[in-house]
Amino acid sequence: MDPQAQNGTPTATSEIQTLIRDGQEFTEVKEGLARILVPFLAKDAADKKPSDIEEQQKVFYNPIQQFNRDLTVLAIKAYGEEALAKRRPANANRVAKRKREKSDNGGGRLKKQERAPEPAGGVASIADEANNNESKPAEAGVTPDAQNGHGAESQQPPTSAAGDADNVTPKDIRINADQIDETLQPTKELEVKPRFTILDALSATGLRALRYAQELPFVTSITANDLSPSAVEAIKRNAEHNGVESKVNATSGDARAHMYGLLTEEVADSNAKNKHHNKRGGSKLSKYDVIDLDPYGTAATFFDAAFNAVRDDGGLLCVTCTDSGVWASNGYPEKAFALYGGVPVKGFHSHEAGLRLILHGLATTAARYGLAIEPLLSLSIDYYVRIFVKVRKSPAQVKFLAGKTMIVYNCDQGCGAWETQTLARNRKAPNKSGKGVFYKHGLAMAPTADRLCKECGSKMHLAGPMYGGPLHSPDFIKKILGDLPNASDDVYGTKPRIEGMLQTALEEFLPPPEDNEQKCKEDEFATLEPYPFYFHVSTLSGAVHCVSPDEDSLRGALRHLGYETTRSHCKRGSIKTNAPWSVIWHIMREWIRQKAPVRTEKIAELSPAYTLLRLGKKDETAKETEGGAADKMEVIFDQSLGRDNSKRGLVRYPANPRQNWGPLSRAKGS
């Protein structure tokens, strides 16, 4: 196997071919099942090397993001199969009802006002698809039904916020039940295909859209949008080159205008229905099942528009943010607050805090519309994050958001400890009958942490507010992992890394404290992450100036005391545990006493290490009062108990395959 493939890094883009199309020279780059044409500007044939492509491209292509794209295809596949499985029974019931109504009318064709409403999620006629196979669409972006005369609505250029005739929405390409071919006999069974649409909001070359069209068979339409006219031309050229121009609709304009345009259509449709006293709902048909936001930098500016364009009955929002210098560092707290509504954390655990900041921005934006998010998968990858959230209309669930939003008291100048506090309380109370419970939402207590760290006495700094719920859905991760063996190694070049990262994310879960209160159906809405964040042994040893313990010894000591430990997918060497900080620092003091003594006379009296090691009379008093319970525990550094016995051979934390592994230059298009 190729060494890069073993490392979980892209290998599918290593073969570059050169071809001429319409008198212009292109290089063909293959990724997955898609092939894109990148204009090549080299004057001399001797200069045509793969390394030249990054510098000489007109439209943006980043091979470093192949892991992102591979993962997204597999995630949408897992989501889409489950979503469509839930819709099919409803579609079948509506088709059966339509047949019964036809039978009640003596086998004749129903009058227009008597026809059943269109099935939820939309349908596409198999007969129409068969007719479409007989003739090639005359124009890219036109649906098969438009070619057969069944989609008059889709043949007309829609009106968007930007006023561009190329802007096509899902509503324009769906098939209305009123437009079914009259030549179909009432006795002929009508097969249906559920509608499933995707918006690639910032498409660039259209590579994501091309892969969705060819690797996700249940997808009926993909809208590939970009602000740059040259990028839109590239999308159309690439769609034709891949033979999917009937499924990929290229649109030009601001992605926000395109998404807000769906809201404008929804309001207009609602007003028209109210005017004609038509109660039949159709807003979900004009919205996308999946919206993919993958900008250069932050995606925060697209959050609001995206929530207006994605289905609110379980639609999927895929978000990438590459501005890690904002959400994972302490250099720009004012910018992080402006974009995500919270201040980042300074410390080794900053990348998980960054994930929670972005989820906070998503959750609060959605809450303004009565929408609730469910994080399915939240990953910190290289220099960016990739987040998948499910969106539902649930004003009742939105009420729990304040109680799932937390601020962090962070000892970033001392020992690295932290404490969290929610902004509100979600607590159970007995109902009127006394036979059950319900949730009451109230105010949180005053600050639960002092301005000084209780472990080392250093100043505490505030971070957040940020999302305090779970980062992942274990069931969703298991679904992707279960389908992964069936994925082709040739198509998904980063498959080993996907398996390793997802398995690590699945293992992050630590069981919450035992809840003895009566169960309630809203418990899932109030779920908090009981043990957020992680630490590294080098951070602990650095605070007390000692030789760092090995990971197995530290994990063995924690497990010997009855605590659980795991790792985080964010960083190599990370440790997550349900042990309190008092126990962790007791273990470190025992490590120094048993294994790695330090010269205490060299430790300054006002330093954090002086307090952590309980040096001086003042700290002896503290030892007897505050830390007495933890200090009486017997610590045994059992390496065998702390050894990692999880699945071996996984690519959990791959090394960068080459130098300067990071984002390329911002795309430039005309």
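Reading the values: rules and limits
Residues numbered from 1 in each chain as written. Predicted model: local features only at pLDDT ≥ 70, side-chain atom pairs only at ≥ 80, totals over all residues. Heavy atoms only, no water. Helix = DSSP H or I, 4+ residues; strand = E, 2+ residues; numbered from the N terminus. Buried < 20%, exposed > 50% of the residue type's maximum accessible area, 1.4 Å probe, protein only. Contact = heavy atoms within 4.5 Å. Axes fitted to C-alpha atoms, helices over the stretch in contact; angles between N-to-C directions. Parallel < 35°, antiparallel > 145°, perpendicular 65-115°, else oblique. Left-handed = near helix turned anticlockwise from the far one by under 90°. pLDDT = per-residue confidence, 0-100. Pairing = 2+ DSSP bridges. Phe/Tyr/Trp six-rings, centres within 6.5 Å; stacked < 30°, edge-to-face > 60°. Lys NZ or Arg CZ within 6 Å of the ring centre and 35° of its normal.

J.: What's the story with the environment of Arg-208 in this structure? I'm lost.
T.: Following the sequence through the fold, Arg-208 ends up in helix H7 (residues 207–215). Note on Arg-208: relative accessible area 6%, which makes it buried. With residues near it in sequence (within four places) discarded, Arg-208 still touches Gln-65, Asn-68, Arg-69, Thr-72, Asp-200, Asp-292, Asp-294 and Arg-386.

J.: Is there a simple way to explain the environment of Asn-308 in this structure?
T.: Looking at the secondary structure, you find Asn-308 in helix H10 (residues 303–309). Separated by 21 residues in sequence, Asn-308 and Lys-287 have C-alpha atoms that sit 8.3 Å apart. Not counting chain neighbours up to four residues away, the residues in contact with Asn-308 comprise Met-259, Tyr-260, Leu-263, Lys-287 and Tyr-369.

J.: It is not clear to me how the packing of helix H15 (residues 474–483) against helix H16 (residues 495–507) should be interpreted in this structure. Could you clarify?
T.: Axis angle and axis distance: for two packed helices, these are the angle between their axes and the distance between the axes, and together they describe the pair. In the contact formed by H15 and H16, the axes pass within 10 Å of each other and the chain directions differ by 155°. On the basis of their axis angle, the class for H15 and H16 is roughly antiparallel. Considering only the axes of H15 and H16, their crossing is left-handed. Across from Pro-474, Ile-477, Lys-478, Ile-480 and Leu-481 in H15, the residues of H16 making contact are Glu-499, Leu-502, Gln-503, Ala-505 and Leu-506.

J.: Which parts of the structure should I look at to understand the confidence of the model for the protein?
T.: Close reading of the predicted structure is inappropriate where its pLDDT is low. Scored by pLDDT, the protein comes out at a mean of 83, with 75% of its residues at no less than 70. Under a pLDDT of 50 for its full length, residues 111–165 has, in the predicted model, 102 contacts with residues more than four places off or in other chains. Segment residues 173–190 is flagged for pLDDT under 50; beyond a separation of four residues in sequence, or across chains, it makes 39 contacts in the model.

J.: I'm lost on the sheet that holds strand E18 (residues 535–536) in this one. Help?
T.: Sheet strands pair via backbone hydrogen bonds, and the direction of the pair is either parallel or antiparallel. Spatially, E18-E20-E19 is the arrangement adopted by the three strands of the open sheet, whose pairing is antiparallel. Two strands close off the open sheet at either side, each with one partner strand: E18 and strand E19 (565–566). Both E19 and strand E20 (residues 574–577) contribute to a ladder of two bridges, which runs antiparallel. Counted as the bridge partner of Thr-565 is Thr-577 from E20.

J.: Just to check I follow, could you spell out the packing of aromatic side chains for this structure?
T.: Here a ring pair, both rings aromatic, is described through the centre-centre distance and the interplanar angle of the planes. All chains considered together, the criterion is met by ten aromatic pairs. Plain terms: the ring middles of Trp-418 and Phe-533 are 5.6 Å apart, the flat faces sit at 85° to each other, and that makes the pair edge-to-face. Of the two residues, Trp-418 sits in strand E14 (residues 418–422) while Phe-533 sits in the loop between H16 and E18, which places them 115 residues apart along the sequence. The buried category is assigned to Trp-418, whose relative accessible area is 11%. Relative accessible area serves as the criterion here: at 2%, Phe-533 is assigned to the buried category. Seen from their ring centres, Trp-418 and Trp-581 are 4.9 Å apart, and the 85° between their planes marks the pair as edge-to-face. Residue Trp-418 is found in strand E14, and its partner Trp-581 is found in helix H19 (residues 581–594); the two are separated by 163 residues along the sequence. Three or more aromatic residues joined by ring pairs make a cluster, and in this case those are Trp-418, Phe-533, Phe-535 and Trp-581. The aromatic ring of Phe-67 is capped on one face by Arg-497, whose charged end is 4.6 Å from the ring centroid. The positively charged end of Lys-571 is found above the aromatic ring belonging to Phe-348, 4.6 Å away from the centroid.

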